[in-house]
Amino acid sequence: DMEVAIKVVVVGNGAVGKSSMIQRYCKGVFTKDYKKTIGVDFLERPIVVNDEEVRLMLWDTAGQEEFDAITKAYYRGAQACVLVFSTTDRESYQAISSWREKVEVEVGDIPTVLVQNKIDLLDETVIKNEEAEGLAKRLKLRFYRASVKEDLNVTEVFKYLAEKYLQR
Ligand code: GDP
Ligand code: MG
């Protein structure tokens, strides 16, 4: 009975909440001053999908995305991907297509989901709903609005990815 382990990469511009999302999902906490480096390559969490035990390994970056310096080792063997942008950062929204391409070049067409984080800051939004939905449609991706801070839709994102991976 082989256990399934899935390498998930979480990509997007700096400060959109990637590390916080990984921390939230794997450790159940949210800290405002979360350090950029977690000291390990990934955090993991088991999840049961269709009576099958799956281990999700969520790979974090050490902030290299700000310098466009993510190494091939980060993407190597990735089996699923979370593309993240922030409600309060238009550049992060505009960068999504190029993040998608980077992942595709390295590992091909893997199960992917689009996430708009920081939905708790909707009052300060710089992205119209139609724009975000249009992007998801163009990229043919399932779209979630989430708040890592308020723990909104985070588990749903990873459950969807695990299901999508097992369906292949
Ligand atoms: P990363 O650079 O993409 O890894 O982003 P971080 O996880 O380091 O988060 C950047 C900042 O955004 C930190 O101050 C977080 O506390 C904050 N943050 C992350 N998620 C949320 C969220 O859902 N809502 C709000 N208001 N802040 C968030
Ligand atoms: Mg980070």
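One can find the structure itself at the top, above this paragraph.
How each quantity is defined
- Residues numbered from 1 in each chain as written.
- Chains lettered and ligands numbered in written order.
- Predicted model: local features only at pLDDT ≥ 70, side-chain atom pairs only at ≥ 80, totals over all residues.
- Heavy atoms only, no water.
- Pairing = 2+ DSSP bridges.
- Helix = DSSP H or I, 4+ residues; strand = E, 2+ residues; numbered from the N terminus.
- Axes fitted to C-alpha atoms, helices over the stretch in contact; angles between N-to-C directions.
- Contact = heavy atoms within 4.5 Å.
- Near = heavy atom within 4 Å.
- Polar contact = N/O pair within 3.5 Å; in protein donor to acceptor, adjacent residues only side chain to side chain.
- Areas by Shrake-Rupley, 256 points an atom, 1.4 Å probe, with all protein chains shown as cover.

A few words on the sheet that holds strand β6 (residues 142–145). A sheet is described by the order of its strands in space; here six strands give the open sequence β2-β3-β1-β4-β5-β6, paired in mixed fashion. Taken across any chain shown, the strands that pair with only one partner, and hence form the sheet edges, are β2 (42–49) and β6. Sheet twist, expressed as the average angle between the axes of neighbouring strands with direction ignored, equals 25°. In this sheet, β6 lies alongside strand β5 (residues 112–117) in parallel orientation, the contact comprising four bridges. Across the sheet, the residue bridging to Gln-116 is Arg-145, located in β6. Taken strand by strand, helix α1 (residues 18–27) contacts β1 (4–11), β2, β3 (52–59), β4 (80–86) and β5, and its axis lies near 50° from that of β2.

Taken together, 19 residues are adjacent to ligand 1, and Ala-15, Lys-18, Ser-19, Ser-20 and Asp-120 come closest. Here an oxygen atom of ligand 1 and a side-chain polar atom of Ser-20 are 2.6 Å apart. Burial of ligand 1 by the protein amounts to 89% of the accessible area it has alone, namely 580 Å².

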